[in-house]
Amino acid sequence: MQVMMPLPDQDFDPTEVAVPWRLLTDAGHRITFATEHGRQAPSCDPRLLTGVLFGRLGAADEPVEFYRQLATAPEFTEPVSWASVDMARFDGLLLPGGHAPGMKQYLGSHGLQRQVGAFWARGRPVGAICHGVLVLARTTDPATGHSLLAGRRTTCLPRYMERTAYLATAWRLGRYYRTYAAYVEDEVVNNLDDPAQLERGPRSFHRGTADDDRAAFVVEDGNYVSARWPGDAYLFARRFEARLTGS
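This one's a predicted model, so the numbers in the text were calculated from it and none came from an experiment. (Residues numbered from 1 in each chain as written. Predicted model: local features only at pLDDT ≥ 70, side-chain atom pairs only at ≥ 80, totals over all residues. Heavy atoms only, no water.)

Novice: Got a minute to help me understand the environment of Leu-112 in this structure?
Specialist: Secondary-structure assignment places Leu-112 in helix α6 (residues 110-120). Distance from Leu-112 to Thr-35, taken between C-alpha atoms, is 9.4 Å for residues 77 residues apart in sequence. Here Leu-112 is in contact with Pro-6, Trp-82 and Tyr-106, once residues within four sequence places are set aside. (Helix = DSSP H or I, 4+ residues; strand = E, 2+ residues; numbered from the N terminus. Contact = heavy atoms within 4.5 Å.)

Novice: Help me out: how do you make sense of the packing of aromatic side chains in this one?
Specialist: Where two aromatic rings form a pair, the distance of their centres and the angle of their planes describe that pair. Per the stated rule, a full pass over the model turns up 8 aromatic pairs. Ring geometry for Phe-33 versus Phe-76: centroids 5.5 Å apart, planes at 90 degrees, classification edge-to-face. A residue pair is termed long-range when its members are at least 10 positions apart, and Phe-33 in strand β3 (residues 30-35) and Phe-76 in helix α4 (residues 74-77) qualify at 43 residues. Arranged with centres 6.2 Å apart and planes meeting at 85 degrees, the rings of Tyr-67 and Phe-76 form a pair that is edge-to-face. Side by side, Tyr-67 and Phe-76 carry an identical accessibility label, which is buried. Its guanidinium or amino end placed over the ring of Tyr-183, Arg-178 lies 3.8 Å from that ring's centre, counting from NZ or CZ. (Phe/Tyr/Trp six-rings, centres within 6.5 Å; stacked < 30°, edge-to-face > 60°. Buried < 20%, exposed > 50% of the residue type's maximum accessible area, 1.4 Å probe, protein only. Lys NZ or Arg CZ within 6 Å of the ring centre and 35° of its normal.)

Novice: What am I meant to see in the pairing of strand β6 (residues 92-95) here?
Specialist: Successive side chains on a regular strand alternate, one facing one side of the sheet and the next facing the other. Burial of β6 is two-sided: the residues Gly-92 and Leu-94 facing one way and the residues Leu-93 and Leu-95 facing the other way are all buried. The pairing of strand β1 (residues 2-6) with β6 spans 2 bridges and is parallel. Bridged to Met-4 within β6 is Leu-93. One ladder, built from 3 bridges, connects β6 with strand β7 (residues 126-129); its direction is parallel. Residue Leu-93 lies in a different strand from β7, and its bridge partner there is Val-126. (Pairing = 2+ DSSP bridges.)

Novice: Where do I start with the packing of helix α1 (residues 14-26) against helix α3 (residues 61-70) in this structure?
Specialist: The angle between the axes and the distance between the axes are what describe a pair of packed helices. Between α1 and α3, the least distance of the axes is 8 Å, while the angle of their chain directions is 70 degrees. On the basis of the axis angle, α1 is roughly perpendicular to α3. Where α1 approaches α3, its residues Pro-14, Thr-15, Val-17, Ala-18, Val-19, Trp-21, Arg-22 and Leu-23 are matched on the opposing element by Pro-63, Phe-66, Tyr-67, Gln-69 and Leu-70. For the contact of α1 with α3, the residue count by class is 10 nonpolar, 2 polar and 1 charged. (Axes fitted to C-alpha atoms, helices over the stretch in contact; angles between N-to-C directions. Parallel < 35°, antiparallel > 145°, perpendicular 65-115°, else oblique. Nonpolar A, V, L, I, M, F, W, Y, C, P; charged D, E, K, R; others polar.)

Novice: Which parts of the structure should I look at to understand the nonpolar core?
Specialist: Soluble, globular proteins show a tendency: their nonpolar side chains are buried together. Phe-33, Leu-136 and Val-188 are the most contacted members of the largest nonpolar core, which has 65 residues in total. Ranked by residue count, the leading element in this core is helix α10 (residues 233-245), at 6 residues. For Leu-136, the residues in contact, after removing those within four places along its chain, are Leu-95, Val-116, Trp-120, Val-126, Ala-128, Ser-147, Leu-148, Leu-149 and Tyr-224. (Core = buried A, V, L, I, M, F, W, Y, C linked by side-chain atoms within 4.5 Å.)

The following block contains the structure:
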């Protein structure tokens with residue numbers, strides 16, 4: 001299967017990109033990366049590779065290794081541009097997240113939203129994790145005039161996670177963990193028909209791993225798969241792959 005993964009030029013979450021890339025590639029699928037202008041390899045939030053504060057709060061060792069592998073992959077080093085993509089060519093769309101300032105290029109792009117809306121209308125598998133859910137929440141369905149997520153069940157980065165990370169690091173990093181004035185959860189809820197459509201999952205900071213999904217949480221609604229944070233990335237990738245293959 002052919003999967004599109006758009007990214008900003010910098011500051012995306014390495015786990016939310018590299019884990020799906022590794023698992024999907026190992027399963028025989030092909031991922032095409034796209035940035036706003038293409039041609040130049042994007043880069044993740046560097047703090048997440050080494051630890052956000054005192055070596056902590058960063059990505060786990062295996063996702064960091066996956067990202068190192070990804071950084072040399074031709075599909076990553078030679079991305080296409082958002083505008084040049086023919087979305088009809090793809091079988092699936094993945095929207096990763098990240099919270100550092102460079103993410104705004106991707107999260108707020110109307111051009112990318114048009115492409116995402118065109119793909120969504122085809123009813124093919126779409127996956128969004130963490131801040132990536134904002135891309136869907138902000139995209140208007142031309143058929144209804146409402147958000148693509150208006151009638152869908154979803155999850156996203158929970159307010160308690162975003163707030164806790166901000167309060168724990170603001171003394172040193174300022175608003176690093178507050179991408180926007182509004183919490184991700186609040187903006188997503190405001191675009192749903194019913195706040196009950198948002199599912200927050202268990203209140204925990206434990207991460208799922210390659211062989212243990214007990215701490216992970218995803219929400220599936222038809223062709224749409226969503227997850228909360230990097231700790232869900234393995235389960236998220238597996239559930240998305242199941243949607244691609246119909247298994």
